[in-house]
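Topology and contacts: notes
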Amino acid sequence: MKKRLTILKHEGVQSTLAALFCILVGLFIGFLVLLAINPSGAVEAILTIIKNFFNYPSAAAAKKYLGNTLVKTAPLLMCALSINFCYKVGLFNIGTAGQYVVGAGASLYAALALKLSWPVCVLFAIVAGGVWGAIVGFLKAYANVNEVISGIMLNWIGLYLVNMLLSGVKEQSSPYTTAISSVNGSALLPSLGLDKLFSNNKYVTVAIPLSVIIAILVWVVMNMTKFGYELKATGFNKAAAKYAGMNEKRNTVLTLMIGGAFAGLGAAFLYLTGYEQWATTQSSVPAMGFNGIAATFLGGLNPIGTIFSSYFIQHITSGGSYLDKGVYPSQISDLISAIIIYLCGFVLFFKYVLNRSLAVKKGGVKK
Amino acid sequence: MTLLIQYTLIFASVLILVALGGCFAEHSGVINLGLEGVMVMGALGGALTMKAMAGAPAALIVLVVLLTAALSGLIYTILLGVACINFKADQTLVGTAMNILSTAAATVIVKAVNMAENPDNVSSTVQYMESKRAFIVRMGRFEFNWFMLVAFVALVISFILLYKTRFGLRLMACGENPQAADSVGINVYVMRWSGVLISGFLGGIGGIVYITAGVSEWKFETGVAGFGFLALAVMIFGQWKPINIGLAALLFGLFRALSNVYSGFDWLAALNIPGTIYNMMPYLISLLVLAFTSRNSRAPKAEGIPYDKGSR
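What comes next is a walk through the structure. Owing to the predicted nature of the structure, the values given are computational and were not obtained by experimental measurement. (Residues numbered from 1 in each chain as written. Chains lettered and ligands numbered in written order. Predicted model: local features only at pLDDT ≥ 70, side-chain atom pairs only at ≥ 80, totals over all residues. Heavy atoms only, no water.)

1. Points about the overall build of chain A
Within chain A one finds 17 helices and zero strands. Against the 2.2 N^0.38 benchmark of 21 Å for 367 residues, chain A shows a C-alpha radius of gyration of 22 Å, consistent with a compact globule. Per-residue burial over chain A gives 53% buried out of 367 residues. Per element, the accessible surface of chain A, about 15,600 Å² overall, is 68% carbon and sulfur. (Helix = DSSP H or I, 4+ residues; strand = E, 2+ residues; numbered from the N terminus. Rg over C-alpha atoms; globule rule 2.2 N^0.38 Å. Buried < 20%, exposed > 50% of the residue type's maximum accessible area, 1.4 Å probe, protein only. Areas by Shrake-Rupley, 256 points an atom, 1.4 Å probe, with all protein chains shown as cover.)

In structure tokens form, the structure reads like this:
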């Protein structure tokens, strides 16, 4: 009994428990919605979402589509890291979505119009995302503009700019940008043989291992370096950080710049695989940046936890696309992720209650 | 020119309603970043009612649609109230979750409704062409919309409510210094709940006004395109004061209207600026305005901080 209590006190255990709780409740509410739409197929439908690529009977096909889910997990993980990194410094980077958009625009423009090779295209995406993030940071640090509102404004400005920029390199008969493979194969990310592991899924590239490595690096920087400590201190108490000789304004700009660069890189990780083409008539900001919020909080604000939660969010999002479209809308998955984010708001309260009840129990033992 | 005035007024009405909503929530001490989502829910409730009521008497349509839109918004903000007032959750996180949730939920609901009617119709679009006429009164070339009056009335009532009544002054006290308010017997939780619910009520109406402003059908997958956040920018520019919010809304409404009607002006069309630039304009302007006005912001002092009776 006593041992179980000490396990419960561990931060990581608490976060995992809370995440599992949010997932279960989210899936349950999703199930209720499916029941309300059409009761007869609801059980099958929720299983379809949870199974995702396991819906394919052959192992080879399942592996191939596991690859596809991973291809989309890499950019999601980068967006989640962007939000996670900024949140640790006390900044809510909802502008991740826009930083992702300009990253996509810059990398595709470099690949299709300038015909550059992939490392340069990736660099373009990083710089574009970084600049977009730095604007938010600059406005926050020097003009006291709420980063959430400026972030949203920049999301839309970015979307319109990128649509305009990329309409010069789109296919003649469709609103989509031309396929990278047909114009400039050197811009595609190398796969280093990883595609062989997933039944020759050519979209599986270095992006996937790289995103995981970056997640681990973020954890190391935030927990083991002076730089990470300074950033966290700035987030915890601006005035104290300033008093201790840290440049809190510079830290704010720097944080959002790095966060933006992560999101931009995430876009390059998706669009430079050729998996998706940009539709220049898009009238809404891609959901990737917003799903990143779900992944961040579900991962207990821990970069390592975020790796798993990003995979989970992408897993159910991909699973949603296998639903019978004549009966259920595939946005059920978005609904489930949104409910999960909402529930994450209660997690701090959940931890607080848990810790307090643990403390009371401990006190009781002493008596 | 008439068209420009008409669109400016209708978009300003949206901004006034939603910004006033934000203003009530923030004066009570809660930041409602979920206004975007509240608008979507209000729009959803209103649009479905309009669709169902096609053919009913005009006055009845106006009343019922207003009421359902307002109630949809109000019910949706309960999510914010429970999480942020009773459970002290992070207001930014919960607001964001509400925005994402609203678009997903509205899309699912509309698709389910459409599919129930016709299995082949898997779009997320609601049409309300016929009922929309109930709101419009033609005055020569100018189309007066009842929503403009609603927004104006809301503005006047808000001003009186905030500055001339006991309720309003108490509400503002809870956003400035909740501990002090509590010490003189004001129930901070009740006040914050009132502020949040009023914001849902007004935001919900704002939502239906927005989607009926220029078009006769709405695709719910797009949500409301950041308009809830534009309204928050209007609120900040208006320094959390109803009259200033009204003026700020007119300015922002003008820029939003330009993107609808710029092609009707010879000299604007002659400049040959791509339409995308006009679409971008409201967001760009609000960013600039915020950059210059946020430094001396008169935001309620205790906004965004959950009230805890025990802390000092």
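2. Re the overall build of chain B
Counting its regular elements, chain B contains 13 helices and four strands. Rg of the C-alpha trace for chain B: 20 Å, near the compact-globule value of 20 Å for 312 residues, within the 12% margin. Each of the three principal axes of chain B carries a C-alpha extent, and together these read 60 × 50 × 35 Å. Across the 312 residues in chain B, those meeting the buried criterion constitute 57%. Residue pairs at least 24 apart in sequence account for 78% of intrachain contacts in chain B once pairs closer than 6 positions are excluded. For chain B, the exposed surface amounts to about 12,400 Å²; the carbon and sulfur share of it is 65%. (Contact = heavy atoms within 4.5 Å.)

3. Considerations on the interface of chain B and chain A
Contacts between the two partners involve 45 residues from chain B and, on the opposite side, 43 residues from chain A. With both sides pooled, the region where chain B packs onto chain A buries about 3,800 Å², and carbon together with sulfur makes up 81% of that total. Contact with chain A buries area across many residues of chain B, yet B:Leu93, B:Val108 and B:Leu287 alone supply 16% of it, more than any other trio. On inspection of chain B and its partner chain A, the count reaches zero salt bridges. Here chain B is connected to chain A by five residue pairs in polar contact (both at pLDDT 80 or more). Of all elements in the fold, only helix 3 (58-86), helix 4 (91-117), helix 10 (227-237) and helix 13 (275-293) of chain B reach the threshold of two or more residues within the side of chain B that touches chain A. For the side of chain B that touches chain A, the residue count by class is 32 nonpolar, nine polar and four charged. (Buried area = accessible area lost by both parts, 1.4 Å probe. Salt bridge = Lys/Arg side-chain N within 4 Å of Asp/Glu carboxyl O. Polar contact = N/O pair within 3.5 Å; in protein donor to acceptor, adjacent residues only side chain to side chain. Nonpolar A, V, L, I, M, F, W, Y, C, P; charged D, E, K, R; others polar.)

4. Section: the pattern of salt bridges
Between side chains of opposite charge, pairing is possible as soon as their charged atoms come close. Residues and elements named next belong to chain B. The final tally for this structure, using the stated rule, is four salt bridges over all chains. Across the pair Lys51 and Glu117 runs a salt bridge whose closest N-O atoms are separated by 3.3 Å. In this pair, Lys51 sits in helix 2 (residues 35-52) while Glu117 sits in helix 4, placing the two residues 66 residues apart along the sequence. Overall, the relative accessible area of 25% leaves Lys51 in the partly exposed class. Glu117 gets classed as exposed once you look at its relative accessible area, which sits at 54%.

5. Concerning unusual backbone geometry
The residue A:Leu301 is not glycine, and still its phi comes out positive at about 60°. Positionally, A:Leu301 belongs in the loop between helix 14 (288-298) and helix 15 (303-320). By relative accessible area, A:Leu301 is classed as partly exposed at 21%. A positive phi angle, near 60°, is found at B:Trp240, a position not held by glycine.

6. Considering the layout of surface pockets
Considered as a void within the structure, the second largest pocket measures approximately 1,100 Å³ in volume. Forming the boundary of the second largest pocket are 34 residues, of which A:Lys140, A:Asn146, A:Glu147, B:Ile31 and B:Thr92 lie nearest the centre. Of all the secondary-structure elements, those providing two or more residues to the lining of the second largest pocket are helix 4 (59-88), helix 7 (147-166) and helix 11 (226-236) of chain A together with helix 4 and helix 10 of chain B. Each residue belonging to the lining of the second largest pocket can be placed in one class, and the counts come to 17 nonpolar, nine polar and eight charged. (1 Å grid on protein atoms, 1.4 Å probe; cavity = no way out; pocket = protein on both sides within 12 Å on 5 of 7 lines; lining within 4 Å. Points joined across faces, edges and corners; volume = space filled by probe spheres on them.)

7. Focus: the pairing of strand 3 (residues 142-145) of chain B
Residue and element names in this part refer to chain B. When strand 2 (residues 136-139) meets strand 3, the two strands line up antiparallel, connected through four bridges. Paired with Arg138 across the bridge in strand 3 is Glu143. A loop of two residues connects strand 2 with strand 3, the two strands running antiparallel in sequence, and Gly140 in this loop sits at a positive phi of about 65°. (Pairing = 2+ DSSP bridges.)

8. Some thoughts on a nonpolar patch on the surface
Residue and element names in this part refer to chain B. A grouping of Met1, Ile5, Leu9, Ile243, Leu247 and Leu250 is seen on the molecular surface, where their side chains present a nonpolar patch of about 550 Å² in accessible area. Mapped by element, the contributors of at least two residues to the nonpolar patch are helix 1 (2-28) and helix 11 (242-261). With respect to the secondary-structure elements, Met1 resides in the segment before helix 1. (Patch = residues over 30% accessible without salt bridge, like charges linked within 9 Å, V, L, I, M, F, W, Y side chains within 5 Å.)

9. Considering the nonpolar core
Side chains of nonpolar character tend, in soluble globular proteins, to be buried together. Counting residues in each nonpolar core, the largest one holds 216 residues, and the members touching the most others are A:Trp278, A:Ile293, B:Tyr210, B:Ile211 and B:Phe220. With 14 residues, helix 1 of chain B is the single largest residue contributor to this core. When residues no more than four places from it in sequence are discounted, the contact partners of B:Tyr210 are B:Phe11, B:Val14, B:Met39, B:Trp218, B:Val224, B:Ala225, B:Phe227 and B:Arg256. (Core = buried A, V, L, I, M, F, W, Y, C linked by side-chain atoms within 4.5 Å.)

10. Concerning the side chain of A:Glu147
Residues and elements named next belong to chain A. Take Glu147: it is sitting in helix 7. For Glu147, a relative accessible area of 8% corresponds to the buried category. One polar contact links the side chain of Glu147 to the main-chain amide nitrogen of Phe92, over a distance of 2.8 Å. The residues touching Glu147, leaving out its near neighbours within four places in the chain, are Gly90, Leu91, Phe92, Val136 and Lys140.

11. Let's talk about the packing of aromatic side chains
One pass over the full model with this rule turns up 23 aromatic pairs over all chains. Considering the side-chain rings of A:Phe85 and A:Phe262, the 5.9 Å spacing of their centres and the 75° angle between planes classify their relative orientation as edge-to-face. Note that A:Phe85 is positioned in helix 4 and A:Phe262 in helix 13 (residues 248-271), a separation of 177 residues in sequence. Residues A:Trp156 and B:Tyr283 carry aromatic rings whose centres are separated by 5.8 Å and whose planes lie at 10° to one another, so their mutual orientation is stacked. Residue A:Trp156 is found in helix 7, and its partner B:Tyr283 is found in helix 13; the two belong to separate chains. Each member of the pair, A:Trp156 together with B:Tyr283, is buried. Grouped by ring-pair contacts, the aromatic residues B:Tyr7, B:Phe11, B:Tyr210, B:Trp218 and B:Phe227 constitute a single cluster. (Phe/Tyr/Trp six-rings, centres within 6.5 Å; stacked < 30°, edge-to-face > 60°.)

12. Structural notes on helix 4 of chain A
Residues and elements named next belong to chain A. In this model helix 4 runs 41 Å from its N-terminal to its C-terminal C-alpha over 30 residues, within 8% of the 44 Å that 1.5 Å per residue would give. With 21 of 30 residues buried, helix 4 is to be regarded as a mostly interior element. Immediately beyond the C-terminal end of helix 4, within one or two residues, lies Gly90, with a positive phi of roughly 80°. (Expected span 1.5 Å × (residues − 1).)

13. Comments concerning the environment of B:Phe142
All names here are of chain B. One can find Phe142 in strand 3. Judged by its relative accessible area of 17%, Phe142 is buried. Residues contacting Phe142, with those up to four places away along its chain left out, are Thr2, Ile5, Gln6, Leu9, Val137 and Met148.

14. Things to note about helix 11 of chain A
All names here are of chain A. Within the span of helix 11, buried status applies to Gly228, Glu230, Leu231 and Thr234. One side of helix 11 carries all its buried residues, which in axial view fall inside an arc of 160°. Along helix 11, exposed side chains directed more than 90 degrees from the buried face belong to Lys226, Tyr229 and Phe236. At its buried positions, helix 11 is contacted by helix 4, helix 10 (207-224), helix 12 (238-243) and helix 13. (Arc of directions from axis to C-beta.)

15. Here we look at the environment of A:His315
Residues and elements named next belong to chain A. Along the chain, His315 falls in helix 15. With relative accessibility at 9%, the residue His315 sits in the buried group. Along the chain, His315 and Phe31 lie 284 residues apart, while their C-alpha atoms are 16 Å from each other. Leave out the neighbours within four places in its chain, and His315 touches Ile49, Ile50, Lys51, Asn52, Phe53 and Thr69.

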